Amino acid sequence: MERNKKDIEFSIKGIKTEQFALFEENHLDKGKINLETNLSYGLNTEERDFITSIKFTFEMKKKPFIAIQVNCNFEIGIESFNDLVVDGKIIIPSWFIAHMAMITVGTSRGILHTKTEGTIFNKYILPTLNVAQMVPEDAIFDYK
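Definitions and cut-offs
- Residues numbered from 1 in each chain as written.
- Predicted model: local features only at pLDDT ≥ 70, side-chain atom pairs only at ≥ 80, totals over all residues.
- Heavy atoms only, no water.
- Salt bridge = Lys/Arg side-chain N within 4 Å of Asp/Glu carboxyl O.
- Buried < 20%, exposed > 50% of the residue type's maximum accessible area, 1.4 Å probe, protein only.
- Helix = DSSP H or I, 4+ residues; strand = E, 2+ residues; numbered from the N terminus.
- Contact = heavy atoms within 4.5 Å.
- Phe/Tyr/Trp six-rings, centres within 6.5 Å; stacked < 30°, edge-to-face > 60°.

Caption draft 1: Structural context of the pattern of salt bridges. For the structure shown, the criterion picks out five salt bridges. For Glu-18, the salt bridge identified is with Lys-16, shortest N-O distance 3.8 Å. Residue classification places Glu-18 among the partly exposed residues on the basis of a relative accessible area of 38%. One salt bridge in this structure joins Asp-142 and Lys-89, with 2.4 Å as the shortest N-O distance. A residue pair is termed long-range when its members are at least 10 positions apart, and Asp-142 in strand S7 (residues 139-142) and Lys-89 in strand S6 (residues 89-92) qualify at 53 residues. The partly exposed category is assigned to Lys-89, whose relative accessible area is 34%.

Take a look at the structure:
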């Protein structure tokens, strides 16, 4: 399905911090840091809501010291939503998923900064990510 990004109208309907935790006992002043990243998404066809969820876990020596998971809920415009329906399926293009994921990453970055402000954890900033690599193909959902 060839389409320009501007063709899918959407608005941000909600933001939720699903998880936030600091594990001071696992934090070391020096050491290699690993960042685990998990992206998931889903579609509520009745509400035309596309939800992206991203979880980041900062680790040292395989032990987490920061965990944050943020969900962003995007409402797809009615005309755009109807355009996504093909033969009883809803096809969400990978570029659109990546765009929604990038918004969710940026939102997570801001939440992490706010929640760690004034602590030793504030120096940990979510890096830029190529979310397009995380979404290699379109998502297909059944639609009745």
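Now that the structure is up, let's keep going.
Caption draft 2: Geometry of the side chain of Thr-57. Along the chain, Thr-57 falls in strand S3 (residues 49-60). The contact partners of Thr-57, leaving out residues within four places of it in the chain, are Asn-34, Leu-35, Glu-36, Pro-64, Ile-66 and Ala-67.

Caption draft 3: The packing of aromatic side chains, seen in detail. Summed over the entire model, instances satisfying the criterion amount to 10 aromatic pairs. Look at Phe-58 and Tyr-124: their rings are 5.9 Å apart centre to centre, the planes differ by 55°, and that puts the pair in the tilted class. Highlighted residues: Phe-58 in strand S3 and Tyr-124 in the loop between helix H2 (94-116) and helix H3 (131-134), separated in sequence by 66 residues. Residue classification places Tyr-124 among the buried residues on the basis of a relative accessible area of 9%. Aromatic pair Phe-81 and Tyr-143: ring centres 5.8 Å apart, planes at 80°, arrangement edge-to-face. Separated by 62 residues along the polypeptide, Phe-81 in helix H1 (residues 78-84) and Tyr-143 in the segment after S7 bring together distant segments of the chain.

Take it as geometry only, folks, not as evidence of what the structure does.
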